[in-house]
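Coordinate analysis (summary)
These are the residues of each chain, in order.
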Amino acid sequence: MTDDPGRAVPRPALVGIFGGLFAGYLGLTAVIPVLPAFLRDRHAAGDLVVGLVVTVTAGTALLVRPVAGALADRYGHRTVMLVGALVAALGGLLYFLPLAVPALVAVRLLLGAGEAALFTAGAVWTVALAPHHRRGQLIGLYGVSMWGGISAGTFLGATLQQVSFTAVWALAAAAPLLAAALIAVVPVPRGEPGTAAPREPGTAAQGKSRRGGGLLLRPALLPGTALALGAAGYAGLAAFVVLHLDARGIGSGVLVLSCFSAVYAGTRLVIGHLPDKLGPRRVAAWSAAGEAVGLTIVALAPNLPVAVAGGVVTGVGFSLLHPSLALMVMNRAEPTRQGAAIGAYTSFWDLGLAVWGPVTGLVAARLDYPAVFGVGAACAVAAAAMAAWIGRPAADPGGPGSPGGPGSARTEARAA
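In what follows, the accompanying structure is described. Bear in mind that the values here come from a model prediction, so they are computed numbers and not experimental data.

With that out of the way, let us pick up the overall build of the protein chain. Counting its secondary structure elements, the protein chain contains 17 helices and zero strands. Looking at the protein chain as a whole, 52% of its 416 residues qualify as buried. For the protein chain, long-range pairs separated by at least 24 residues make up 81% of all intrachain contacts whose partners lie at least 6 apart in sequence. For the protein chain, the accessible area works out to roughly 17000 Å², and carbon and sulfur atoms hold 69% of it.

Right, let's get into unusual backbone geometry. Of note, the phi angle at Ala44 is positive, near 50°, even though the residue is not glycine. Take Ala44: it is sitting in the loop between helix 2 (35-43) and helix 3 (47-55). Accessibility expressed as a relative area gives 67% for Ala44, which makes it exposed. One non-glycine residue, Ser252, adopts positive backbone phi at about 60°. Position of Ser252 among the secondary structure elements: in the loop between helix 10 (218-247) and helix 11 (253-271). Residue class for Ser252 comes out partly exposed when judged on its relative accessible area of 40%.

The next point concerns the packing of aromatic side chains. Counted under the stated rule, the structure contains 16 aromatic pairs. With centroids separated by 6.1 Å and ring planes inclined at 15°, the aromatic side chains of Phe165 and Trp169 adopt a geometry described as stacked. Of this pair, Phe165 and Trp169 are both found in helix 8 (residues 165-184), four residues apart, which corresponds to roughly one turn of the helix. Aromatic side chains Phe260 and Tyr264 sit 6.1 Å apart centroid to centroid with 35° between the ring planes, which places their arrangement in the tilted category.

In this structure, Val241, Leu325, Tyr345, Trp356 and Phe373 are the most contacted members of the largest nonpolar core, which totals 56 residues. Contributing elements (two or more residues each) for this core: helix 6 (101-129), helix 10, helix 11, helix 13 (280-300), helix 14 (304-332), helix 15 (338-366) and helix 16 (369-389). When residues of this core are assigned to their parent elements, the largest contribution, 11 residues, is made by helix 10. Not counting the four nearest positions on each side in its chain, Val241 is found in contact with Gly236, Gly253, Val256, Leu257, Val298 and Phe373. Membership of the second largest hydrophobic core comes to 50 residues, among which are Ala88, Leu99, Trp125 and Leu129.

With that settled, the discussion passes to the packing of helix 4 (residues 57-75) against helix 5 (residues 77-94). The N-to-C vectors of helix 4 and helix 5 enclose an angle of 135°; their axes lie 6 Å apart at closest approach. By the angle between their axes, helix 4 is oblique relative to helix 5. Across from Ala68, Leu71, Ala72, Asp73 and Tyr75 in helix 4, the residues of helix 5 making contact are His77, Thr79 and Val80. Taken together, the residues that form the contact of helix 4 with helix 5 break down as five nonpolar, two polar and one charged.

Attention now moves to the side chain of Arg65. You can see Arg65 is positioned in helix 4. Overall, the relative accessible area of 5% leaves Arg65 in the buried class. Apart from residues lying up to four places away in sequence, Arg65 is in contact with Glu115, Ala116, Phe119, Thr120, Gly343, Thr346, Ser347 and Asp350.

Calculation rules
- Residues numbered from 1 in each chain as written.
- Predicted model: local features only at pLDDT ≥ 70, side-chain atom pairs only at ≥ 80, totals over all residues.
- Heavy atoms only, no water.
- Helix = DSSP H or I, 4+ residues; strand = E, 2+ residues; numbered from the N terminus.
- Buried < 20%, exposed > 50% of the residue type's maximum accessible area, 1.4 Å probe, protein only.
- Contact = heavy atoms within 4.5 Å.
- Areas by Shrake-Rupley, 256 points an atom, 1.4 Å probe, with all protein chains shown as cover.
- Phe/Tyr/Trp six-rings, centres within 6.5 Å; stacked < 30°, edge-to-face > 60°.
- Core = buried A, V, L, I, M, F, W, Y, C linked by side-chain atoms within 4.5 Å.
- Axes fitted to C-alpha atoms, helices over the stretch in contact; angles between N-to-C directions.
- Parallel < 35°, antiparallel > 145°, perpendicular 65-115°, else oblique.
- Nonpolar A, V, L, I, M, F, W, Y, C, P; charged D, E, K, R; others polar.

Given below as C-alpha cells:
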C-alpha cells in the first residue's frame, strides 16, 4: 500500500468486507438472547452454567486474535476472514445437533475462534485498503458494522425465538454463510498484504513477521492497556446503569443505554475522520477524558435528562477511543506485523471486559452503584493520560509528516 493521499477508497471492496462483518456478527449474536432459555428448557441448567455457555467465547477470542492477525499477515486477510466466517457458519449448524452442555461449551469455544479470525483479519484488511489519511475513519466505520450486526442479531434472535429454537439456529448458520459469500467476492489486487509473491526464506521482512506475538506484542501493549482501562466504563454502564437509576427512583436506565449506543454509532459516522485529521494520540486522550466526564455525570445524575446527557457524553468519548488507539497501533507496527499487532490490541478489549465485569460487580456489592461509575471514570482518566503519553510525534523532516503537515497524524505514534 502506498501513502498517496489522493488514492480513492475501494468502495466495492469495503462494502464486501463491512457487509461480511455485519452478516457474520448477525449470526454470531442471534443466539445470545436465546441460549439462556434454551439451556433452562432443554438442560435444566442453572445460572452458573448459563453464564459459562454464553460468555465462554471471550476466552478463545482473547487467545486467537493475535494468532489470527499473524496468519492474516502471512496468508492474506481475505483467506483468514473467510475461514472465520465459515467457522461461524459451522458453529451455527452444530446447534442443530442434540448436544449436551459440555459439547455446547465446545461449540461456543469454536465460535469464539471464528469471531476472532473474522474481526481481526477484516480490521487489518480494511486498513490495508484504505488511503493513509482515512485509516482511522474506516477503522471506526468497521466497528459500526460490527455493532450494527450485534444489534440486528440480538433483535432477530429474540424475535425468531417466538417461532422456534430451530429458526434461530438456521439464522446462526445462514448469516455467516452470507458473510463468507460477500468476503469471497472481494477482489484482492496484487501488492496488498497477503497477495504479493512469496518472500524468499530468510528475508528480513519475513524474519520480523515471526518474532514475538501474543498480548505482549510491543506496538499493541500500551494502546491495548489504554483500551482495557477504557473498557471499565463500558462494563459498568452496561451492567449497572439500570440498577443505578432504579435505586435513585429515576428509572428508564434502558433509555440511557439506548442513547449511548445510538451516539456511539453516530459519532463515528459524523466525526469519525478526526483521528486522521487531528492525530490519534490527541483524539484518544480527549475521547477518554470525555468518557470520564460522561460517567461522572451518570454517577451524580439527579434526574433522567441529566443521566441521558451523561450517557450521550460517554458515548461520544468512548466511540472514538478505540479507532484512535487502533490507529496508534498500526502506526507503531512494522508493515509485516500489522495483523498480529491489531489482533493483540483487540484482545485487550476482551481482557478488559473479563477483568472489569467481576470487579465492577464487587464494587457495586461492597460500596454502591455510583462508585461503579466513579471507578470507570478514574480508569478513563488513566487511559487519557496513557494515550497522551504514548509516542510523541516523530516528524519526517521536510516530508508530509512534518509538524502541522497534512500527514502529521501518521507519524504521531511511532515512538516505542
